[in-house]
Amino acid sequence: IHVEDLPVLNEYEIKGNHKIDDDDIKKKLNLVSGMVISPSEVAKGAQEIYELYKEKGYLQAKIETEFKYLSEDSLKTDVRFLIKEGEKVKVKKVLFYGNENIQSKKLRKKMKTKADNWFRSGEFKEEEYAESKDNIIKYYQEKGYKNAYIIRDSLSYSENLKDLFIHIYLHEGERYTIGNITFEGNNQYEDKILQKVIKFESGDWYNVERYNKSIEEIMNIYREKGYLYVDVQDQTLIDSNKLNINFIISEKEPVTVQKVIIQGNSKTKEKVIRREIILFPGEIYRNSRMMRSFRNIMQLNFFANVIPDVQMVDIETKLNQAQS
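Explain the environment of Tyr58 to me, please; I cannot follow it from the model alone.
Here Tyr58 is to be found in the loop between helix H2 (39-55) and strand S2 (62-69). With a relative accessible area of 9%, Tyr58 lands in the buried category. Linking Tyr58 and Val89, residues 31 residues apart in sequence, is a C-alpha distance of 6.0 Å. Not counting residues up to four positions away in its chain, the partners in contact with Tyr58 are Lys19, Tyr50, Tyr53, Glu85, Gly86, Glu87 and Lys88.

This is the structure:
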């Protein structure tokens, strides 16, 4: 067995970077003079630099590494990261496959990643592209295609490596309408009351945004009665191309306000803030009163931001405080 010691980093150098500052690159590297360093750690650092360039749209960037020992018999070494930035790649075209029911031009409008033209630079950014793919699926789900998803996507380049082509393969799935809407576990509100806050009706196309908003509205009216920790689960049953929806509600117990605590007011007296609050200890918690108190404090124009925070007090803590 032949064993060789790993070298010790003397210092490292970054060369060839014009588009990204040294400081931004150094934050990614996490290298310190005097540390034991392996080739795999240096390779990982090069990959981190490439990911940084990739985020900026320089997909052609190449990062080479170089070890330079201080002497033949020394374990100390300098490390160089040699960067060839290349040109920023621009999106030439976005191509869709499998979209039989929604036109490609409508899908492209939902994307943040746009093709290069007179009005747009066509820059490719990883974060924007990921968001664009999410937007495409959300758009399908707003049009009734509940189970739509992207099968795969790929990137290809022109021969000169300047133009980028995006290929997105879609599975649209069945288009659903809303069937029966039912409720379960709702003791505080009758079905007809809950039905009024639902953002869709039987016969409407399924719409994920309205669907999620409906669940939020059910929770809001419960919170107005103090049921702060109400839980709403949805159960969907498919009948042909219809979705029969059953909202299962766990109401739990109403919550009362124990204390109203004000923090972070180093310059403003507490009484100035407290007189704007319309939530009081001993009262049933109401979400509208919380939000009204929040707006009243913001309208004082004394604070850059106000963050409401509701913290649950367990039963044991309440009993101990009552006894003391």
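We are not done yet, so read on.
Explain the nonpolar core here, please?
Generally speaking, nonpolar side chains in soluble globular proteins are found buried as a group. Counting 24 residues, the largest nonpolar core has Phe183, Leu194, Phe200, Ile218, Tyr222, Phe247 and Ile249 as the members making the most contacts within it. Broken down by secondary-structure element, the contributors of at least two residues to this core are strand S7 (177-184), helix H5 (191-197), helix H6 (208-223) and strand S9 (242-250). Ranked by the residues each element gives to this core, the list is headed by H6, at seven residues. Not counting the four nearest positions on each side in its chain, Phe247 is found in contact with Ile181, Thr182, Phe183, Glu184, Ile198, Phe200, Tyr211, Ile215, Ile218, Val232, Gln233 and Asp234. Ranked by size, the runner-up nonpolar core spans 20 residues in total, among them Phe124, Tyr140, Tyr145 and Ala148.

Can you walk me through the sheet that holds strand S5 (residues 149-157) in this structure?
Two orientations exist for strands paired in a sheet by backbone hydrogen bonds: parallel and antiparallel. Strand order across the open sheet formed by three strands is S4-S6-S5, with mixed pairing between neighbours. Where the open sheet ends on each side, the last strands, each with one partner, are strand S4 (90-97) and S5. Each neighbouring strand pair of the sheet contributes to a mean axis angle of 20 degrees, computed without reference to strand direction. With eight bridges connecting them, S5 and strand S6 (residues 163-171) associate as antiparallel partners. Opposite Ser154, over in S6, you have His167 as the bridge partner. In the packing of helix H4 (residues 126-142) onto the sheet, the strands contacted are S4, S5 and S6, and the crossing angle to S6 comes to about 30 degrees.

Conventions we followed
- The residue numbers shown here count from 1 along each chain, following its written sequence.
- Local features in this predicted model are restricted to residues whose pLDDT is 70 or higher, and side-chain atom pairs enter the listing and the counts only when it is 80 or higher, whereas totals over whole chains, interfaces and linings include all residues.
- Note: side-chain values were computed over all heavy atoms of the structure, leaving out hydrogens and water.
- Comment: elements are numbered from the N terminus, with helices defined as DSSP H or I runs of at least four residues and strands as E runs of at least two.
- Whether a residue is buried, partly exposed or exposed follows from its accessible area with a 1.4 Å probe, protein chains only, as a fraction of its type maximum: under 20%, in between, or over 50%, in that order.
- In this description, contact between two residues means that some pair of their heavy atoms is separated by no more than 4.5 Å.
- Only buried residues count toward a nonpolar core, which is a set of Ala, Val, Leu, Ile, Met, Phe, Trp, Tyr and Cys residues joined through side-chain atoms within 4.5 Å.
- Pairing between strands is defined by DSSP: at least two bridges between them are needed.
- Between N-to-C directions, angles cover 0 to 180 degrees, with each direction set by a line fitted to C-alpha atoms, over the stretch in contact for helices.

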